[in-house]
Amino acid sequence: MRSFTHINARTLDEAIELLRKYRGRAVLNAGGTDLLSALKGEYLSRYPETVINLKSISGLDYVSEDGGLLRIGALAKLSDIVRSPLVSSGYRVLAEAARSVASPQIRNAATIGGNLCQDIRCWYYRYPRHIGGPVQCARKGSGPCLAVRGDNRYHAIMNSRKCFAVCPSDTAVALAVLDAQVHVSGPEGDRAIAVTDFFGPLANALRSNEIVRKIEVPKVSVSAVQTFLKFTVREPIDFAVVSVASVITREEGVCTDARIALGAVAPGPVRASKAEEMLKGERIDEEMAAQAAEQALAGARPLSKNAYKIEIAKTLVKRAILR
Amino acid sequence: MASPYRFIGKTTPRKDAREIVTGRANFLADRKFPGMLHGKVLRSPHPHALIKSVSRDEVMKLPGVEAVLTWEDVPNWKGGTPRCTRILDRKVRYVGDAVALVAADTEEHAKEALRFIKVEYEVLPAVFDIEEALKPGAPQLYEDFPGNVVTPGVPFFGPKNLKEVVRGDVERGFAEADVITEGTFGYENMPNPIPPEPPGVVALWEAPDSVTLWVSNQASYMDTVILSHIMERKIQPRTIGGPCGGSFGSKYMSWQVQCYAALLSRATRKPVKLVLTKEEHLASFTLRPASRMSAKVGMKKDGTVTAVQGTWLIDTGYYSMTTQSQIAVGCGEVQIMVQCPNWDLKPVIVCTNRNASGIVRGFGGQELKCCLIPLLSLAMEKAGVDPFEFLKKNFVRPGGGYFWRDGIWYNHRGIDHTKAMERGAEVFGWKEKWKGWLKPTAVNGPKRRGIGVGIHGSADIGEDSSEAYVRLHPDGTAMLFSCVTEHGTGQVTNYIRMVAEVLQLPMERISITPPDSLINPYEFGPAGSRGTYAIGAAIIAAAEDARQRLLELIAPRLKAKPQDLDTVDGVVYRKDDPGVKIPWKAMAVDRTITGYGRFDPDYSLVNCMMTFIEVEVDTETGKVALLRVVNATDVGQIIDPPGLENQLNGCLGSAGIDSAIFEEMILDRSAGRMLNANMIDYKWRTFPELPVIENVVMETPFPSHRFHAVGVGEIATSPGPSAVLMAVSNALGVWIHKYPVTPERVLKTLGKTGSGKGGAA
Amino acid sequence: MEKRKSVRPVAFLKKGEDTVVRTQKLTRKKARATERISLTVNGKIHEMEVGTASHQIDPAHTLAHTLRETLGLTGTKVSCDHGACGSCTVLMDGKAVLSCMTLTIECDGKRITTIEGLSDPETGELDPLQQAFVDHTAFQCGFCTPGMIMSAKALLGENPSPTEEEVKEGLSGNFCRCISNYHVVKAVLAASGKGR
Ligand SMILES: Cc1cc2nc3c(=O)[nH]c(=O)nc-3n(C[C@H](O)[C@H](O)[C@H](O)COP(=O)(O)OP(=O)(O)OC[C@H]3O[C@@H](n4cnc5c(N)ncnc54)[C@H](O)[C@@H]3O)c2cc1C
Ligand code: SF4
Ligand code: FES
Ligand code: FES
């Protein structure tokens, strides 16, 4: 990697202050499993002058529950989330999503904050500098989106504009279905953002110099069935082609509450609100599940090579509902 | 039956096992040399362009930079067949083509220097498709190759070298056929075998005309031979091999990487290390050739093939070093698979603006079969022939023949492979599972299972020449001189095993020389499954020669004739009276005995691998799961049980079976960039998705060498891919003919997705 | 901004397998003074200066680079250099991590075990897991083997008698192109329960 200077931040405020001081020339490092790829590939227009380590901030890696809320510090490792009895008993969909990420070694280093803030995986965007130079595209602020006319098999099928990259984070999908809030801190203070609002077509909702501090998840009814389904080309390591998270409560076969989120289809996780509404009060069977799945994908507008993702998404929605 | 052997066929730890499990095996990247510099390559952003100017004034001032070379600075060294590709050229022909070379004290400094080299290009139109490249007016890659058609033929294979399969009378053949099918079939996904260790080298230029290279290749002697040709025979290259971190054919040839380092060392007179990154390995090193075949076959109701006619287009990327060889061998192998009297199969090698194709396990035959078997399957379906019966019936039997790569007709004098095929079918349960063409073996809701079978056989087990020495020492030890690198097959240990068996000497007492071209005789290297027979035969002959000389020398001391003596554990004794014995020391402490052995090519023996595949397809997601693989083969005699099993399990990776499931290089066909040149987006098989593999290995003695064995490692990958297509088609009940069977293709084949219209807003 | 504490070894004592070091804590006044980090690799403490000179740890150095180039521990292999293949797996405080995706400068105070640290330093006796790899010929080219063994070591540390499925899951981030995977699974199962 090209050289940079390095600072161990001791507090969140210090990290924010450093970000402010370096005016876009510093980057945050948590587990490093995504950041280091960017630094090695040198595909971004700007190479950071400084890397600010967040792991040196103590007390940000908790997984705890109080006041009916699950609280996860931004620096909690995915492996700790997977192993946490708290998460696997009450918030299984999150445990499953975290377990589906990459490999054991990556989960031992990767943090949930990093997982939410990781950069997109578009292969045009990430094309490495060393083999003919990086690629310019709409997201990088120059020219059109290359994926539209190129190979877009893994790209978005809904809610995109200008850039058709999808949100690569698996935990985001689980957190979206759990109605979680991302708490961020910045120079102007703290604020909370719903996970579904955290992602945008060209960037996430973090304002400059803001840092994710924690995630809060409201308690889920014990009778709810929580499911996370991830379709990948191969089982481990791969990013989702499509994923679905669901939390469904039934009383005597009748659906009393339904929450469904789709992953890897859009710039962020997408709640299938209409499908959710459709299910409530209904008896769940194959037919109903298939209808809800149709509804969930009703807004999909595929690119040249990714219409298959619609079919897979429908299948996953149906299977999640019927679980 | 008790084994007649003391070492052959026995499981012993590999000689290098301890080094490997402790991390002490010294792979190329682990080596350091005093004053060593690091080399890096500046690569082209354009798929096709002329270099107008290169400015490097700033670069030489940068810290640590010791040399910058461009096409203007380098000698006129050329590679390729014929030799048309300059080591650095004024023209770049793919995204990633070498534009300039830098040597600096650290890798980072070398990399940093690349940023400061300013290049002006005149961009030329580029072509990425085989058929587009053949059209009039298509961009031309080389003046030497009008119409982008690469000159056919391999002079090294002899004056009649095989360029096509033309024999008999195809018109008559079609007239005799009960069914005729035709169509265009491709195997165009260009998988990369990606050995874990990337290509690399350390070069040290020592005198005006001599250079030493530490290589990590599969065949370290051949590096010398190849480089000396490229360096116009004016330079003496010495190559020293070491442990090779995988190759699968691809690292047989790294002449470009080697020349880059050699030139940088020539410019600096310091050792230069140049190791490709994994991205470079994927985007700029050789891939499997891409094939597209338009053909027509005639078949009788009993599965007899009466005629094969067609054009086989091979996309070799921006140049070809070995594609003609692959074509020649593929053309030979296809006749072994289909014993048909009438052929008119014409290959055309085409160059396009992407990184080059080169050697990969399966060497031409896999590429051709992956196109031909789907076409034959259509005919089998029409004729109502079971594919297992078809492949069994048409494979060469003893006495059957084929034109091999040298254009000469050979008759197979080996064994009948039918027994192994039948045993494989039994273990797999073919008869019970086969329900007919396009019929699943089982349906469970949306999940459907299907089976398929494929075959491959080659006469390359006796290809090319090998030489070896075996030196006996008075202290009762021996040393094998053979220029072989260990690249994963375990063969280095097995050669010691063979010497041990001939000399009846414990394996611990036998060592092998480092694979250094300076001290060892000619060795073509382990390729094409030739290791066991060809290399083995040379080594056995050397050991036998040494043994004979020993017995001759000792005979007078024991008052016997050499033929009345034998040796065991470093002691020579009289066969009629084993009490009369004398240790090897009797040869005199100031003497060694050296035996020499040579193997000359023999194309009259054929190995065979039949692979049965069972898949399960989720028709709602398009996911293809590989459930079970049964490989059936006959090796004559097992030399090394775990080594053989490992090699057969290798059927999955290295651009083998998985090239039908998810392995592919994805080329953006407007910019010419490889989009998935990293190991996240390039898919490879992981532990949780391992299928069940059963290897059925028969041991019918082969008329090869004294251990009656032949190799099969190379061919393990080849029967699988077409068998996967067959299995998936049967599971779905619809033909699917494109590799790999991605979810997108499966769902499309099932009519479950329209193509998108664009604009995901 | 943080005032870094640097740790200097003053005496080495031999105690069991680990080299224990008594330390003297110095607090630097100026951020400019040479920054140091200390990491324990295979029981041995390494004190390293941060900087851009060749003997120093550049902040951009990965742990894989430091192990291989600075400390000469070339048993740790780099294949993909992007977190995808597991060749560079080492143990950090007992857990498997990817040394190619870890900055050395962030390993201050960590305990690292590499493939070189598994066999007995005095007798050379192999770890039972290494021995099982030898006995089962659980490799072909051997390039992936160090990373494979380290992942398996971490797995057995957490779960001394895993099922076959658990072994496969534990090794799911490790690439073996030769497909020695089947023999690896056998070797790990054979070594389980016997691990140190
Ligand atoms: C081989 C491989 C496979 C993978 N597979 C998957 C997968 O299947 N699913 C999946 O979801 N991910 C996958 N990933 C991505 C990776 O696991 C995630 O990116 C990981 O969770 C990132 O966490 P991290 O702590 O390492 O992030 P880092 O690399 O440290 O940071 C990532 C980005 O987020 C920023 N950041 C980090 N923390 C914060 C914070 N608290 N506030 C603001 N910004 C922050 C950083 O500046 C950086 O830009 C894979 C990665 C690899 C290399
Ligand atoms: S999808 Fe986004 S990142 Fe990818 S090429 Fe298009 S604009 Fe660029
Ligand atoms: S080299 Fe680190 S994961 Fe591949
Ligand atoms: S043994 Fe070669 S990659 Fe695993």
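Note that the coordinates shown come from a computational prediction; the quantities given were computed from them, not determined experimentally.

Scoring rules and cut-offs
Residues numbered from 1 in each chain as written. Chains lettered and ligands numbered in written order. Predicted model: local features only at pLDDT ≥ 70, side-chain atom pairs only at ≥ 80, totals over all residues. Heavy atoms only, no water. Near = heavy atom within 4 Å. Nonpolar A, V, L, I, M, F, W, Y, C, P; charged D, E, K, R; others polar. Contact = heavy atoms within 4.5 Å. Buried area = accessible area lost by both parts, 1.4 Å probe. Salt bridge = Lys/Arg side-chain N within 4 Å of Asp/Glu carboxyl O. Polar contact = N/O pair within 3.5 Å; in protein donor to acceptor, adjacent residues only side chain to side chain. Helix = DSSP H or I, 4+ residues; strand = E, 2+ residues; numbered from the N terminus. Areas by Shrake-Rupley, 256 points an atom, 1.4 Å probe, with all protein chains shown as cover. Axes fitted to C-alpha atoms, helices over the stretch in contact; angles between N-to-C directions. Parallel < 35°, antiparallel > 145°, perpendicular 65-115°, else oblique. Left-handed = near helix turned anticlockwise from the far one by under 90°. Pairing = 2+ DSSP bridges. 1 Å grid on protein atoms, 1.4 Å probe; cavity = no way out; pocket = protein on both sides within 12 Å on 5 of 7 lines; lining within 4 Å. Points joined across faces, edges and corners; volume = space filled by probe spheres on them. Core = buried A, V, L, I, M, F, W, Y, C linked by side-chain atoms within 4.5 Å. Buried < 20%, exposed > 50% of the residue type's maximum accessible area, 1.4 Å probe, protein only.

### Some points on the site of ligand 2
Lining the immediate surroundings of ligand 2 are 15 residues, of which C122, C137, C145, C163 and F164 of chain A lie closest. Looking at the shell around ligand 2, its residues break down into 12 nonpolar, one polar and two charged.

### With respect to the interface of chain B and chain A
Facing the 46 residues of chain B at the interface are 46 residues of chain A. Between chain B and chain A, a total of about 4,000 Å² is buried, with carbon and sulfur atoms accounting for 56% of that surface. Summed over the shared surface of chain B and chain A, the result is seven salt bridges. Where chain B packs against chain A, one counts 15 residue pairs in polar contact (both at pLDDT 80 or more). Secondary-structure elements contributing two or more residues to the side of chain B that touches chain A are α3 (107–114), α8 (278–284) and α18 (743–749) of chain B. Looking at the side of chain B that touches chain A residue by residue, the class counts come to 16 nonpolar, 11 polar and 19 charged.

### Things to note about the site of ligand 1
Taken together, 36 residues form the shell around ligand 1, and within it L28, T33, L35, T111 and D170 of chain A come nearest. One finds residues of chains A, B and C in close proximity to ligand 1. A distance of 3.5 Å separates an oxygen atom of ligand 1 from a polar backbone atom of C117 of chain A. With respect to ligand 1, the side chain of Q118 of chain A contributes an N or O atom lying 3.2 Å from an oxygen atom. With the chains in place, 95% of the 970 Å² that ligand 1 exposes on its own is no longer accessible. Mapped by element, the contributors of at least two residues to the shell around ligand 1 are β2 (26–29), α7 (112–117) and β8 (211–218) of chain A. Per-element accounting of the shell around ligand 1 gives the leading share, four residues, to α7 of chain A.

### Quick look at the interface of chain B and chain C
With 48 residues of chain B in contact, the opposing surface of chain C contributes 44 residues. Between chain B and chain C lies a buried interface of about 4,100 Å² when both sides are counted; carbon and sulfur atoms form 61% of it. When the area that chain B buries against chain C is broken down by residue, the three leading residues are V21, N646 and F687 of chain B, summing to 20%. Inspection of the region where chain B meets chain C yields five salt bridges. With its nearest N and O atoms 2.8 Å apart, the salt bridge here joins R68 of chain C to D30 of chain B. Counting the contacts that link chain B with chain C gives 18 residue pairs in polar contact (both at pLDDT 80 or more).

### Overview of the packing of helix α2 (residues 128–135) of chain C against helix α5 (residues 181–191) of chain C
Residues and elements named next belong to chain C. With their axes 8 Å apart at the nearest point, α2 and α5 run at an angle of 140° to one another. When the axis of α2 is compared with that of α5, the two are oblique. The handedness of the crossing between α2 and α5 is right-handed. Residues P128, L129, A132 and F133 of α2 form the contact with α5, whose participating residues are V184, A187, V188 and A191.

### Points about the sheet that holds strand β3 (residues 50–53) of chain A
Residues and elements named next belong to chain A. Spatial strand order, β1-β3-β2: three strands in an open sheet with parallel pairing. With partners counted over all chains shown, the strands left at the sheet margins are β1 (5–8) and β2, one partner each. Each strand of the sheet is rotated relative to its neighbour by a mean of 25°, with strand direction disregarded. Note that β2 and β3 share four bridges and pair parallel. In the sheet register, N29 faces β3, and the bridge partner there is N53.

### A short note on empty space enclosed by the protein
Taken as a whole and judged by the stated rule, the model has 12 cavities of 30 Å³ or more. Of the voids in this model, the largest cavity is the one considered here, and its volume is about 320 Å³. Forming the walls of the largest cavity are 22 residues, and the residues nearest its centre are R121, Y154, F239 and A240 of chain A together with D681 of chain B. Across the lining of the largest cavity, the residue classes tally to 14 nonpolar, three polar and five charged. In this model, the second largest cavity occupies a volume close to 220 Å³.

### Some details on the nonpolar core
Formed by 232 residues in total, the largest nonpolar core has its most connected members in L297 of chain A, W255, L376, F612 and L652 of chain B together with F133 and V188 of chain C. Ranked by residue count, the leading element in this core is helix α10 (residues 365–383) of chain B, at 11 residues. One finds A95, L116, V220 and A261 of chain A within the second-largest nonpolar core, a separate group that totals 72 residues.

### Details of the environment of S294 of chain B
All names here are of chain B. Examined against the element boundaries, S294 turns out to sit in strand β15 (residues 290–299). In sequence terms S294 and H412 are 118 residues apart; their C-alpha atoms lie 29 Å from each other. Excluding its chain neighbours within four sequence positions, the residues that come into contact with S294 are G183, T184, Q309, G310 and T311.

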